[in-house]
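What follows is each chain in one-letter form.
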Amino acid sequence: MSGAVRRVGIVGGGQMGAGIAEVCARAGLDTVVCEADATAARAARDRVSASLERAVRRGKLEPAAARDALARLVFTGSLEDLADRQLVVEAVIENADAKTEVFAALDKIVEDPAAVLATNTSSLPVMRLAMATGRAGQVVGLHFFNPVPVLPLVEVVSSLYTTSETVAVVEDFATLTLGKTVVRSRDRAGFVVNALLVPYLLAAIRMAESGFATATAIDSGMELGCAHPMGPLKLADLIGLDTVASIAESLYDEFREPLYAPPPLLQRMVEAGLLGRKTGRGFHVYGQD
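All residue numbers refer to position in the chain's written sequence, counted from 1. With pLDDT at 70 or above as the cut-off, local features in this predicted model cover only qualifying residues; side-chain atom pairs require 80 or more to be listed or tallied, and sums for whole chains, interfaces and linings still use all residues. Just so you know, side-chain values use all the structure's heavy atoms and leave hydrogens and water out.

Colleague: Just give me the short version of the sheet that holds strand E7 (residues 153-158), but keep the residues and values in it.
Modeller: Here eight strands make up an open sheet; going across it, the order is E3-E2-E1-E4-E5-E6-E7-E8 and the pairing mixed. A strand with exactly one partner marks an edge of an open sheet, and here the two such strands are strand E3 (73-76) and strand E8 (181-186). Recorded for the sheet is a direction-independent mean angle of 25° between the axes of neighbouring strands. Examined bridge by bridge, strand E5 (residues 116-119) and strand E6 (residues 139-144) share three bridges and lie parallel to one another. Each bridged residue has a counterpart across the sheet, and for Ala118 the counterpart in E6 is Val140. A contact between two residues is defined here by any heavy atoms of the two lying within 4.5 Å. Here the axes come from fitting lines to C-alpha atoms, over the contacting stretch only for helices, and the angles between their N-to-C directions go from 0 to 180 degrees. Helix and strand labels come from DSSP, where a helix needs a run of H or I of at least four residues and a strand needs a run of E of at least two; each type is numbered from the N terminus. Across the sheet, helix H4 (residues 96-109) lies against strand E1 (7-11), strand E4 (87-90), E5 and E6, angled at about 170° from E5, the strand it touches most. When DSSP finds two or more bridges between two strands, those strands count as paired.

Here it is, written out as structure tokens:
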């Protein structure tokens, strides 16, 4: 692939995929978002539109810029519509089988053999996804943080096969085009940020589970006592408790250290569908925005 990335595809229009799509469109890129079907694609469009409207209300974005960004976005229920993309970012559920299936399909659909296939995985091995394709050198981890339009960091994760050219393309894309800050990581579970963050979140969950302190007390303690902008249980709710559990399981599978093991309370909450902000209830209860 030659030149700067101008045509981007996003697979998955949930919280993360919609955020990635928004920052791409706001950066002036031709952006196609693929969801499971037409109904999910419409929901993804509504998600991005609502985020743009919030940015306008808060004075972070001009109304004309929001309209222009939305006009650059196409929402589809067919992976075939990503055939001409220079870069495709996978942002589906944090499940190895689901992600592997997407990469195998993209390998057949994306026409440019030099196009980059990136994953927004929080913790899964990039190598596993790369080996589902015939272009492992062009597969890379490109891990954004939630909320994507607000947080400036992106982790770039190379597998053993990822070429230096691929890394250069995605670093330029993240820094020069999207205005993000990049940190590089080796291809190990959790990468840099989650390998540090998740044990902290799990420790807070264990404290709540034991009855040692309430969720409010735990969060207030870290916010007011340590100057954290958000307490650990509020942060877990924001990330999504299902995602926190998936990352913890990946870390534990790789390292077998007890600090990475998901606590029973976390597992029960996921089973009950109490996933945090996106479901309205996790360790705290949330209303509508």
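Colleague: Let's hear about unusual backbone geometry: which residues, and what values?
Modeller: The residue after Asn146, namely Pro147, is reached through a cis peptide bond having omega 0°. Summarising the element assignment, Pro147 is placed in the loop between E6 and E7. Backbone geometry at Ala227 places phi at a positive 60°, although glycine is not the residue there. Mapped onto the elements, Ala227 comes out in the loop between helix H8 (215-225) and helix H9 (232-239). By relative accessible area, which is 67% here, Ala227 ends up exposed. Phi is positive for Arg256, close to 55°, though the residue is something other than glycine. Burial classification: accessible surface area is computed with a 1.4 Å probe over protein chains only, and a residue below 20% of its type maximum counts as buried, one above 50% as exposed, and the rest as partly exposed.

Colleague: Mind laying out the pairing of strand E2 (residues 30-34), listing which residues take part and the relevant values?
Modeller: With four of five residues buried, E2 is to be regarded as a mostly interior element. As defined by bridge partners, E1 adjoins E2 across five bridges and the pair is classed as parallel. Bridge pairing in E2 links Val11 to Cys34. Seen with the strands pointing away from the viewer, any crossover whose path from the first strand over the helix to the second strand runs clockwise is right-handed. Note that the unit made of E1, helix H1 (residues 15-26) and E2 has a crossover that is right-handed. Strand direction decides the pairing type here: E2 and E3, joined by four bridges, are parallel. Each bridged residue has a counterpart across the sheet, and for Val33 the counterpart in E3 is Phe75.

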